[in-house]
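Okay, here's what each chain looks like letter by letter:
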Amino acid sequence: MAYVTITTWENADGVDYDLTIQRITEKRLPALRDLGATRVTVVRTSERTSAAISEWPDAATRDAAETAIAAVRSKVQSEDFSRMTGEMRGEVVAEV
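Residues numbered from 1 in each chain as written. Predicted model: local features only at pLDDT ≥ 70, side-chain atom pairs only at ≥ 80, totals over all residues. Heavy atoms only, no water.

**Points about the nonpolar core**
Judged by nonpolar contacts, Tyr 3, Trp 9, Ile 24, Leu 29, Leu 32, Ala 37, Val 40, Ala 52, Trp 56, Ala 65, Ile 69 and Val 76 together constitute the single largest core of 12 residues. Of all the elements in the fold, those that place two or more residues in this core are β1 (3–11), α1 (17–34), β3 (49–56) and α3 (66–79). The element best represented in this core is α1, accounting for three residues. Residues contacting Ile 24, with those up to four places away along its chain left out, are Leu 29, Pro 30, Val 76 and Asp 80. (Core = buried A, V, L, I, M, F, W, Y, C linked by side-chain atoms within 4.5 Å. Buried < 20%, exposed > 50% of the residue type's maximum accessible area, 1.4 Å probe, protein only. Helix = DSSP H or I, 4+ residues; strand = E, 2+ residues; numbered from the N terminus. Contact = heavy atoms within 4.5 Å.)

**Points about the side chain of Thr 49**
Secondary-structure assignment places Thr 49 in strand β3. In this structure the side chain of Thr 49 is engaged in a polar contact, spanning 2.6 Å, whose partner is the side chain of Thr 45. Once you skip the residues sitting within four places of it in the chain, Thr 49 turns out to touch Trp 9, Glu 10, Tyr 17, Val 43 and Arg 44. (Polar contact = N/O pair within 3.5 Å; in protein donor to acceptor, adjacent residues only side chain to side chain.)

**Some points on the pairing of β3**
Of all eight residues in β3, six are buried, a share of seventy percent or more. Two elements, β1 and β3, share eight bridges in a ladder whose sense is antiparallel. Within β3, the position partnered with Ile 6 by the bridge is Ile 53. Looking at chain direction, strand β2 (residues 39–44) and β3 are connected through six bridges and run antiparallel. Residue Val 40 lies in a different strand from β3, and its bridge partner there is Ser 54. In textbook terms, the turn of a hairpin is the stretch between consecutive antiparallel strands, and for β2 and β3 this stretch comprises four residues. (Pairing = 2+ DSSP bridges.)

Next comes the structure, spelled out in structure tokens:
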């Protein structure tokens with residue numbers, strides 16, 4: 001069954017949100033797709049915050065990419081000036 005990771009992010013004060021999203025869209029999201037994510041959606045939740053929803057075919061695919069995902073997250077923090085504030089993950093048990 002499908003597996004989902006939801007992470008929450010906050011841009012540093014004074015960082016251009018649109019520029020950050022542009023960089024993430026061009027570099028970070030394709031990296032997650034290359035690691036096996038079937039879909040990645042970013043939702044703006046406030047002026048400086050976002051949630052990223054990554055869908056994976058199964059937990060094994062996501063777990064196999066763990067080290068590479070950590071590298072992607074590190075680049076988001078160091079290069080895009082956004083810090084991860086939370087993470088939830090689990091198997092999809094229902095959908096419409």
